[in-house]
Amino acid sequence: MSNIMKLRLVLLVLTITVIVSCNKPNSSNIILGEIVFSYDSINSKLINQEFKYDSLFINRIGKDSMIITRYLGGKGYYFNTTFSLKNHLFYENRQIPQVIIEGETETSIVLIPTFMQNDTNFIYIPKDDFTAFFVNDLSLDKCKYQIKNNNDEFITIKQSLIDTTYREIYYYDKYYNIYKYINTWKDNECVYERKE
């Protein structure tokens, strides 16, 4: 390999390193640990009291993963959703159980882009048939995702296509720190904000 080719290769590697380094979020601005959200009754309109408890806790584990725990009302009713950071956006790691021979199940994982810093719209339709039995199951069925970049504020809107009155709205900063969550269904609107 000639000296000119070696020099070009070194410059290419340095350029790629600088670009990748500049695009990574600064880990010093990531809020680690559990983030507690509180119900904001001033900005909320609530008719169905049971809907109030559709709250969430966010646990940031390092800079590249988080778990959102959704509480569904009542003691012990909750589920965890894991998100992982890949290529500068957080994917929901949706576990899809599949029935195998003789009643045993196997789980596959579908990655759904959920938090990012670019404007985008897409529709997620589960591969297998899914029936929503409860209000909160609407977020697991056919949904339209809209992600907006508003300067340094980012918004993800997840709207059910089964019942279009059901929406989940997340507000977050460029380090993917979620600071506000709005949940709507029919005439209900629940607003949750991060406790400082």
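Since the structure is predicted, the reported quantities are computational estimates derived from the model, not experimental observations.

K.L.:
Just to check I follow, could you spell out a nonpolar patch on the surface for this structure?
P.N.:
A contiguous nonpolar surface patch, about 280 Å² in accessible area, is contributed by I123, I125 and L161. Inspection of the secondary structure assignment puts L161 in the loop between strand 9 (153-160) and strand 10 (167-172).

K.L.:
Mind showing me how you'd approach the packing of aromatic side chains here?
P.N.:
Both the distance between ring centres and the angle between the ring planes are used here to describe each pair of aromatic rings. For the structure shown, the criterion picks out 10 aromatic pairs. In this structure an aromatic cluster arises from ring pairing among Y39, F83, F90, F115, F154, Y170, Y172, Y176, Y181 and Y192. The ring of Y171 carries K180 above its face, with NZ or CZ at 5.3 Å from the centroid.

K.L.:
Is there a simple way to explain the environment of I123 in this structure?
P.N.:
Here I123 lies in strand 7 (residues 120-124). Among the residues examined, I123 registers a relative accessible area of 52% and is labelled exposed. Spatially, the C-alpha atoms of I123 and Q159 are 9.4 Å apart, while their sequence positions differ by 36 residues. Every residue in contact with I123, bar those within four places of it in the chain, is listed here: C143, K144 and L161.

K.L.:
It is not clear to me how the environment of N150 should be interpreted in this structure. Could you clarify?
P.N.:
Position of N150 among the secondary structure elements: in strand 8 (residues 143-150). The class for N150 is partly exposed, based on a relative accessible area of 42%.

K.L.:
Explain the pattern of salt bridges here, please?
P.N.:
Oppositely charged side chains can pair when the atoms bearing their charge come close. With the rule as written, the count across this model stands at four salt bridges. One salt bridge connects R70 with E168, and the closest N-O pair in it is separated by 3.1 Å. Here R70 is found in strand 3 (residues 65-72), whereas its partner E168 is found in strand 10, with 98 residues between them in sequence. For the pair shown, R70 and E168 are each scored as buried.

K.L.:
Just checking my understanding: could you explain the pairing of strand 10 for this structure?
P.N.:
The side chains of a regular strand alternate, first on one face of the sheet and then on the other. With five of six residues buried, strand 10 is to be regarded as a mostly interior element. Taken together, the six bridges between strand 9 and strand 10 define a ladder with antiparallel strand orientation. Opposite T156, over in strand 10, you have Y170 as the bridge partner. Connecting the antiparallel pair strand 9 and strand 10 is a turn made up of six residues. Across six bridges, strand 10 lies against strand 11 (residues 178-185) in antiparallel orientation. Paired with I169 across the bridge in strand 11 is I182. The turn joining strand 10 and strand 11, which pair antiparallel and follow one another in sequence, is formed by five residues; a positive phi near 65 degrees is taken by Y176.

K.L.:
Any chance you could explain the side chain of T69 here in plain terms?
P.N.:
By the element assignment, T69 lies in strand 3. Separated by 2.6 Å, the side chains of T69 and N80 make a polar contact. Setting aside residues no more than four positions away along its own chain, T69 makes contact with S55, L56, F57, Y78, F79 and N80.

K.L.:
Would you explain the pairing of strand 8 in this entry?
P.N.:
Relative to strand 8, strand 7 runs antiparallel, the two sharing five bridges. Note that in strand 8 the partner of N121 across the bridge is Q146. Joining the antiparallel neighbours strand 8 and strand 9 is a turn of two residues, in which N151 adopts a positive phi near 60 degrees.

The rules behind the values
Residues numbered from 1 in each chain as written. Predicted model: local features only at pLDDT ≥ 70, side-chain atom pairs only at ≥ 80, totals over all residues. Heavy atoms only, no water. Patch = residues over 30% accessible without salt bridge, like charges linked within 9 Å, V, L, I, M, F, W, Y side chains within 5 Å. Areas by Shrake-Rupley, 256 points an atom, 1.4 Å probe, with all protein chains shown as cover. Salt bridge = Lys/Arg side-chain N within 4 Å of Asp/Glu carboxyl O. Helix = DSSP H or I, 4+ residues; strand = E, 2+ residues; numbered from the N terminus. Phe/Tyr/Trp six-rings, centres within 6.5 Å; stacked < 30°, edge-to-face > 60°. Lys NZ or Arg CZ within 6 Å of the ring centre and 35° of its normal. Buried < 20%, exposed > 50% of the residue type's maximum accessible area, 1.4 Å probe, protein only. Contact = heavy atoms within 4.5 Å. Pairing = 2+ DSSP bridges. Polar contact = N/O pair within 3.5 Å; in protein donor to acceptor, adjacent residues only side chain to side chain.

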